[in-house]
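# Coordinate inspection notes
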Amino acid sequence: MEEQYKDVKNLVKEAGLETPSVNFLKNVMDQVELSAIEVSPTYKPLISKKVWFMVGVATAMLLCTIPFLSESKESILGTIDFSFFNKISFKNPFSGFTFYKTTIYGILFLALLFLIQITILKRRIDRRFSL
């Protein structure tokens, strides 16, 4: 088996090593620079700022109104008379649902962390993909 490789080794020795031309690196780098100059497509977000604003407002409204809709002893609006809703025949869909303080704190803390995380990630992505 070594006899086969001796022939290959001899052929390689006879052929010698090829060396690149003097300006090889410069020519390659010129080609790289030319291809990098091409205009890259501009970043266009999948969801526009208006839609994100509307989603944020809707989420904030939902988080602010849910504690007021519960009819537990811990309700903030327990002292206000809502008897005018009986005339409209409006039934509160959250009447049997009670929010504990721990749940409210958890939801608010989660929303706060979500908003902080989104701003940090947005800033990092903008820095990474900016020109």
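For the structure, check the block above.
None of the values given here were measured: they were computed from a predicted structure.

## Quick word on the pattern of salt bridges
Under the counting rule described, the total for this entry stands at 1 salt bridge. Linking Asp126 and Lys122 is a salt bridge whose minimum nitrogen-to-oxygen distance equals 3.2 Å. Note that Asp126 and Lys122 are positioned in helix α5 (residues 101-129) at a spacing of 4 residues, about one turn of the helix. With relative accessibility at 37%, the residue Asp126 sits in the partly exposed group. When its relative accessible area of 44% is taken as the criterion, Lys122 is described as partly exposed.

## Section: the environment of Ile107
Take Ile107: it is sitting in helix α5. A relative accessible area of 33% places Ile107 in the partly exposed class. Taking the C-alpha atoms as reference points, Ile107 and Leu63, 44 residues apart in sequence, are found 7.9 Å from one another. Setting aside residues up to four positions removed in sequence, Ile107 forms contacts with Leu63 and Phe99.

## Describing a nonpolar patch on the surface
On the surface, Phe24, Leu25, Val28, Met29 and Val32 cluster together into a nonpolar patch covering about 460 Å² of accessible area. Considering the arrangement of structural elements, one finds Leu25 in helix α2 (residues 24-36). The exposure class of Leu25 is exposed, given its relative accessible area of 62%.

Rules used throughout
Residues numbered from 1 in each chain as written. Predicted model: local features only at pLDDT ≥ 70, side-chain atom pairs only at ≥ 80, totals over all residues. Heavy atoms only, no water. Salt bridge = Lys/Arg side-chain N within 4 Å of Asp/Glu carboxyl O. Helix = DSSP H or I, 4+ residues; strand = E, 2+ residues; numbered from the N terminus. Buried < 20%, exposed > 50% of the residue type's maximum accessible area, 1.4 Å probe, protein only. Contact = heavy atoms within 4.5 Å. Patch = residues over 30% accessible without salt bridge, like charges linked within 9 Å, V, L, I, M, F, W, Y side chains within 5 Å. Areas by Shrake-Rupley, 256 points an atom, 1.4 Å probe, with all protein chains shown as cover.

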